[in-house]
Every structure is written in C-alpha cells, then in structure tokens.
Amino acid sequence: MSDPPVYKVVLVGDGNVGKTSLVRRFCEGRFEESRILTIGVDFQIKTVQLGERTVRLSIWDVAGQDRFRAFRDQFYSGLMAAALVYDATSPATFFNLPRWREEVLASVPGVPMVVIGNKNDLGPVVPPAEAEGWAKFEGRMPFLQTSALTGENVEEFFQGLGYLAYKHSESLKEFEQLRMSYSSR
Ligand code: G3D
Ligand code: MG
C-alpha cells in the first residue's frame, strides 16, 4: 500500500475567531483556555478517514492579523480546500468573510471552501440562517456551526474539508490527464 495522499488545507478568518483552537481540538483533542497569538503560520498533519479511503491533511492556520498580510499569499499555493471561519458572537468577523474569500480565490482560483461559525457554545449572535444563506448564495459552500470548546462539529468540519480537498485534487488530476492526452495528439 502506498502512503495516503497529503492535501493542504487552510483556515482563514479574522484574529480571535478560534482557528488555532479548532486545529488544536481536532489534532490533539484538547482546548486551551488561553491561546497565544499565532505568529505567522502553524501547520499540523492529521490522518482523516473518508469511508474506505485514508487521506492526510496538512492543516495550515494562517494568522489573520493585518500585519502578516504580505506573508500570507505564499501559504495559499497548492491549497486543496479552505475554511472561512468567523466568530458567531461577532458580526464584524462574519462581514469580513467576503474579503477572506476573495483573498484566497485571488491566489487559488476555484478552490472549494466551507463556512464555519465558531464559538457556537456562547450562543450565536450572527443568525445561522443568514450565514448559511450567504454560504449557499456565494458559492454553494457547506456551512457548519462549531465549538472548539465543546468539540461540537469539529470532526465533521475537518472530515468535510478533507472530502472537498480529495474531490478537488481528483478533478485537477483528471483535468491534467485530459490536457496531456490532447497535447500528445
Ligand atoms: P485565532 O487562532 O483565530 O486567532 P484562537 O483564535 O484559537 O487563538 O482563539 C481566540 C480566543 O477564543 C481564545 O481565548 C480561545 O480560547 C477562544 N475560543 C476559541 N474557540 C472557542 C470556542 O469555540 N468557544 C469559546 N467559548 N471560546 C473559544 P483567549 O481568552 O485565549 O483569547
Ligand atoms: Mg491563531
């Protein structure tokens, strides 16, 4: 058996929405009450089971702080899926999602995304129906409400991200094969 493929995925969104906490919860199964500010970028590799298929995700957690803006672009290259994360108690972080979406798409056109309303344990201030509506309208993106604190939907989130990454990678491969077969005629 060959090693399972590795797909690069990223979490983007404003600072403090819970990106690092979601990755920690998923990769290490724990939640830390106090998080130090992510400097630049972190990544972790984690195996995900998609039915019969095993894949590995290299999960990149990009700092949302504007001062790291110039630093971010290079981290988007080779991306297979992205999560747009907002804090469900902070409308401002939700209203910034279009900016995040455009930033990622400018670097990696066509990359699939999910929308994540985190800190759901605190009771959402952003109406979930509104977030879901935007996600659907903007790009038929799946929407999930999560909590890094309780673990709610954290597995589902990363499974979903893994599935999108796998599908996207397969379609890019198929496209490349088609292109090769045409150019060799
Ligand atoms: P970031 O990586 O997006 O910048 P962090 O966000 O993961 O560093 O989290 C920012 C703060 O929100 C942290 O609190 C963290 O504990 C808290 N947090 C993250 N996810 C959740 C969640 O699902 N529920 C609740 N209640 N809190 C969450 P501090 O106090 O360290 O700033
Ligand atoms: Mg962080």
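Above this text you will find the structure in question.
A few points on the structure. (Residues numbered from 1 in each chain as written. Chains lettered and ligands numbered in written order. Predicted model: local features only at pLDDT ≥ 70, side-chain atom pairs only at ≥ 80, totals over all residues. Heavy atoms only, no water.)

1. Here we look at the pattern of salt bridges
Item 1. Going through the model one piece at a time under the given rule, you end up with 3 salt bridges.
Item 2. Across the pair K119 and D87 runs a salt bridge whose closest N-O atoms are separated by 3.3 Å. Of this pair, K119 sits in the loop between β5 (113-118) and α5 (128-139) while D87 sits in strand β4 (residues 79-87); the two residues are 32 residues apart in sequence, bridging distant segments of the chain.
Item 3. In this structure, the salt-bridge partner of K173 is E170, at a minimum N-O distance of 3.0 Å. Pair noted here: K173 and E170 are both in helix α6 (residues 154-183), with a separation of 3 residues, about one helical turn.
Item 4. Residue E170 is classed as partly exposed on the basis of its relative accessible area of 27%. (Salt bridge = Lys/Arg side-chain N within 4 Å of Asp/Glu carboxyl O. Helix = DSSP H or I, 4+ residues; strand = E, 2+ residues; numbered from the N terminus. Buried < 20%, exposed > 50% of the residue type's maximum accessible area, 1.4 Å probe, protein only.)

2. Details of the pairing of β4
Item 1. Where burial is concerned, most of β4 is hidden: 9 out of the 9 residues are buried.
Item 2. Across 5 bridges, the pairing between strand β1 (residues 6-12) and β4 is parallel. The partner of L11 across the bridge, within β4, is A83.
Item 3. Alignment of β4 against β5, held across 6 bridges, turns out to be parallel. The partner of Y86 across the bridge, within β5, is G117. (Pairing = 2+ DSSP bridges.)

3. Quick notes on α5
Item 1. Here α5 contains 12 residues, and its C-alpha end-to-end distance of 17 Å stays within 8% of the 16 Å for a straight helix at 1.5 Å per residue.
Item 2. By the burial criterion, the buried members of α5 are A131, W134 and A135. Along α5, the residues classed as buried sweep out an arc of 100 degrees about the axis, all on the same side. Along α5, the residues that are exposed and aim more than 90 degrees away from the buried face are A129, K136 and F137.
Item 3. Contact partners of the buried residues in α5: β4, α3 (91-95), α4 (97-107), β5 and β6 (143-145).
Item 4. A positive phi of about 45 degrees marks R140, the residue just after α5. (Expected span 1.5 Å × (residues − 1). Arc of directions from axis to C-beta. Contact = heavy atoms within 4.5 Å.)

4. Re a negative patch on the surface
Item 1. Together, D121, E152, E155 and E156 line one region of the surface with negative charge.
Item 2. In this fold, E155 is placed in helix α6. (Patch = residues over 30% accessible without salt bridge, like charges linked within 9 Å, V, L, I, M, F, W, Y side chains within 5 Å. Areas by Shrake-Rupley, 256 points an atom, 1.4 Å probe, with all protein chains shown as cover. Lys, Arg positive; Asp, Glu negative; His and termini not counted. Charge placed at Lys NZ, Arg CZ, Asp CG, Glu CD.)

5. Notes on the packing of aromatic side chains
Item 1. According to the stated counting rule, one finds 5 aromatic pairs in the structure shown.
Item 2. Arranged with centres 6.1 Å apart and planes meeting at 80 degrees, the rings of F94 and W134 form a pair that is edge-to-face. A residue pair is termed long-range when its members are at least 10 positions apart, and F94 in helix α3 and W134 in helix α5 qualify at 40 residues. The same class applies to F94 as to W134, namely buried.
Item 3. A network of ring pairs unites the aromatic residues Y86, F94, F95 and W134 as a single cluster.
Item 4. Positioned over the ring face of W60 is K8, at 4.4 Å from the centre of the ring. (Phe/Tyr/Trp six-rings, centres within 6.5 Å; stacked < 30°, edge-to-face > 60°. Lys NZ or Arg CZ within 6 Å of the ring centre and 35° of its normal.)

6. As for the nonpolar core
Item 1. Residues L11, L22, I59, A83, F157, F158 and L161 are the most contacted members of the largest nonpolar core, which totals 27 residues.
Item 2. Among the secondary structure elements, those contributing two or more residues to this core are β1, α1 (19-28), β2 (41-50), β3 (53-62), β4, β5 and α6.
Item 3. Once you skip the residues sitting within four places of it in the chain, F158 turns out to touch L11, L22, V23, F26, L57 and I59.
Item 4. Core analysis: the second largest hydrophobic core is formed by 25 residues, V10, L97, A135 and F143 among them. (Core = buried A, V, L, I, M, F, W, Y, C linked by side-chain atoms within 4.5 Å.)

The values reported here are purely geometric and, on their own, carry no functional implication.
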